[in-house]
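# Working through the structure, step by step
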Amino acid sequence: MFYTVGMAIKDALLADYDHEMGTTRRLLERLPDDKLSWKPHEKSMSLGGLATHLGNIPHWGGTILNDAFFDLATATPNLPEAGSRAAILTAFDETRSRTRGWMDKTDAEYNAMWTLKRGSQQMFSLPRVSAFRSFVLHHVIHHRGQLSVYLRLIGVPVPAIYGPSADEGI
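An account of the accompanying structure is given in this report. Just so it is clear, the structure is predicted and the values come from calculations on it, not from any experiment.

With that out of the way, let us pick up the side chain of Thr-24. Looking at where Thr-24 falls in the secondary structure, it is placed in helix H1 (residues 9-28). A polar side-chain atom of Thr-24 sits 2.7 Å from the main-chain carbonyl oxygen of Glu-20. Non-local contacts of Thr-24, meaning those with residues more than four positions away in its chain, are made with Leu-54, Phe-92, Val-140 and Arg-144.

Pasting the structure below:
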């Protein structure tokens with residue numbers, strides 16, 4: 001993340017968000033529909049399950065930016081695995097756009113504390129901007145790295161992410 005003197009937190013965060021979401025979409029566009037059930041290991045998520053989870057991660061932004069806390073004890077179960085690349089991309093685009101709209105916050109709102117709880121137990125509290133970076137941006141980056149390995153293992157060319165790709169050379 002970069003900061004410029006006098007720049008609002010929102011503006012710096014939006015630059016990171018737009019970059020990471022664009023890169024993530026390029027990777028999701030490579031999903032082969034006929035391999036969505038493929039797993040690299042019996043304990044691993046399937047390709048479609050991982051992509052569905054990755055596409056839904058921006059949704060956490062709404063909870064972080066709009067609520068004072070999230071309670072894991074009342075969390076809904078994980079989304080069912082999407083059945084096609086088109087469904088994954090549609091859900092991702094909707095979630096990405098909705099979350100981007102929620103990011104129109106003041107510095108004071110970004111610096112307000114957010115808490116993760118499990119029932120009556122407080123897991124931790126931190127400023128919303130830190131929670132957003134961790135639970136949304138860093139979480140996306142983590143699972144996008146996994147997805148790029150999955151794609152490589154099934155022979156799908158991986159796009160450039162932070163530098164040239166061995167598959168595209170750009």
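What follows is about the nonpolar core. Core analysis: the biggest nonpolar cluster contains 39 residues, and Leu-28, Leu-31, Phe-132, Leu-147 and Leu-151 have the highest contact counts within it. Only H1, helix H2 (47-56), helix H3 (60-66), helix H4 (85-102), strand E2 (113-118) and helix H6 (128-153) provide two or more residues apiece to this core. For this core, the leading source of residues is H6, giving ten residues. Beyond its immediate stretch of four places on either side in the chain, Leu-28 contacts Ala-51, Leu-54, Arg-85, Ile-88, Leu-89, Phe-92 and Leu-147.

Bridging between strand E1 (residues 69-71) and E2 involves three bridges; their strand directions are parallel. Its bridge partner lying in E2, Phe-70 is registered against Leu-116. The pairing of E2 with strand E3 (residues 121-127) spans six bridges and is antiparallel. Bridged to Arg-118 within E3 is Gln-121.

The next thing to look at is the packing of H1 against H6. Their axes nearest at 10 Å, the elements H1 and H6 cross at an angle of 20°. The angle between H1 and H6 places the two elements in the roughly parallel class. By crossing handedness, the relation of H1 to H6 is classed as left-handed. In contact with Ile-9, Leu-13, Asp-16, Tyr-17, Glu-20, Met-21, Thr-23, Thr-24, Leu-27 and Leu-28 of H1, H6 contributes Val-129, Phe-132, Arg-133, Val-136, Leu-137, Val-140, Ile-141, Arg-144, Leu-147, Ser-148 and Leu-151. For the contact of H1 with H6, the residue count by class is 14 nonpolar, three polar and four charged.

Take the sheet that holds E2 next. Across the sheet, three strands lie side by side as E1-E2-E3; this open sheet has mixed pairing. The sheet terminates laterally at E1 and E3, the two strands that pair on one side only. Within this sheet the neighbouring strands show an average axis-to-axis angle of 15°, counted without direction. With respect to the sheet, H6 is in contact with E2 and E3, its orientation differing from that of E3 by roughly 105°.

For the rest of this paragraph, the subject is the layout of surface pockets. When its volume is computed, the largest pocket comes out at roughly 530 Å³. Residue lining of the largest pocket: 20 residues in total, with Asn-56, Trp-60, Pro-77, Asn-78 and Leu-79 positioned closest to the centre. Of all elements in the fold, only H2 and H3 reach the threshold of two or more residues within the lining of the largest pocket. For the lining of the largest pocket, the leading source of residues is H2, giving four residues. Residue composition of the lining of the largest pocket, by class: nine nonpolar, ten polar and one charged.

The next point concerns H4. In this model, H4 (18 residues) spans 26 Å end to end at C-alpha, consistent with the 26 Å of a helix rising 1.5 Å per residue. Within the span of H4, buried status applies to Ile-88, Leu-89, Phe-92, Thr-95 and Thr-99. The buried side chains of H4 occupy one side of the element, clustering within an arc of 140° when seen end-on. The outward face of H4, more than 90 degrees from its buried face, is lined by the exposed residues Ala-86 and Ser-97.

Reading the values: rules and limits
- Here the residue numbers are simple positions, counted from 1 along each chain's written sequence.
- Totals for whole chains, interfaces and linings use all residues, but because this is a predicted model, local features are given only for residues with pLDDT of at least 70 and pairs of side-chain atoms are given and counted only at 80 or more.
- Side-chain numbers here rest on the full set of heavy atoms in the structure, without hydrogens or water.
- Helix and strand assignments come from DSSP, with helices taken as H or I runs of at least 4 residues and strands as E runs of at least 2, each series counted from the N terminus.
- Any pair of N or O atoms that falls within 3.5 Å is considered a polar contact. Within protein, one atom must be able to donate a hydrogen and the other to accept it, and sequence-neighbouring residues count only if both atoms are side-chain atoms.
- For this analysis, residues touch if any pair of their heavy atoms sits within 4.5 Å.
- Side-chain atoms within 4.5 Å link the members of a nonpolar core, which is a set of buried Ala, Val, Leu, Ile, Met, Phe, Trp, Tyr and Cys residues.
- The buried label applies to any residue whose accessible area, calculated with a 1.4 Å probe on protein chains only, is under 20% of its type's maximum; exposed applies above 50%, and partly exposed to all values in between.
- By the convention used here, strands pair only if DSSP detects at least 2 bridges between them.
- Only the stretch in contact is used when fitting a helix axis, every axis being a line fitted to C-alpha atoms; angles between N-to-C directions are given from 0 to 180 degrees.
- Here the angle decides the label: under 35 degrees means roughly parallel, over 145 means roughly antiparallel, 65 to 115 means roughly perpendicular, and every other value means oblique.
- For any helix crossing, the convention is left-handed if the near helix is rotated counterclockwise from the far helix by under a right angle, and right-handed if that rotation is clockwise.
- Polarity classes work like this: nonpolar for Ala, Val, Leu, Ile, Met, Phe, Trp, Tyr, Cys and Pro, charged for Asp, Glu, Lys and Arg, and polar for all others, with Gly in that last group.
- Cavities and pockets were defined on a 1 Å grid built from protein atoms only: a cavity is a group of points that admits a 1.4 Å probe but offers it no way out, a pocket is an open group of points flanked by protein on both sides within 12 Å along at least five of seven lines, and a lining residue is one with an atom within 4 Å of any such point.
- Grid points are joined across faces, edges and corners, and a volume is the space filled by probe spheres set on the points.
- The span one expects for a helix is its residue count, reduced by one, times 1.5 Å.
- Relevant arc is that of directions from the helix axis to the C-beta atoms, nothing else.

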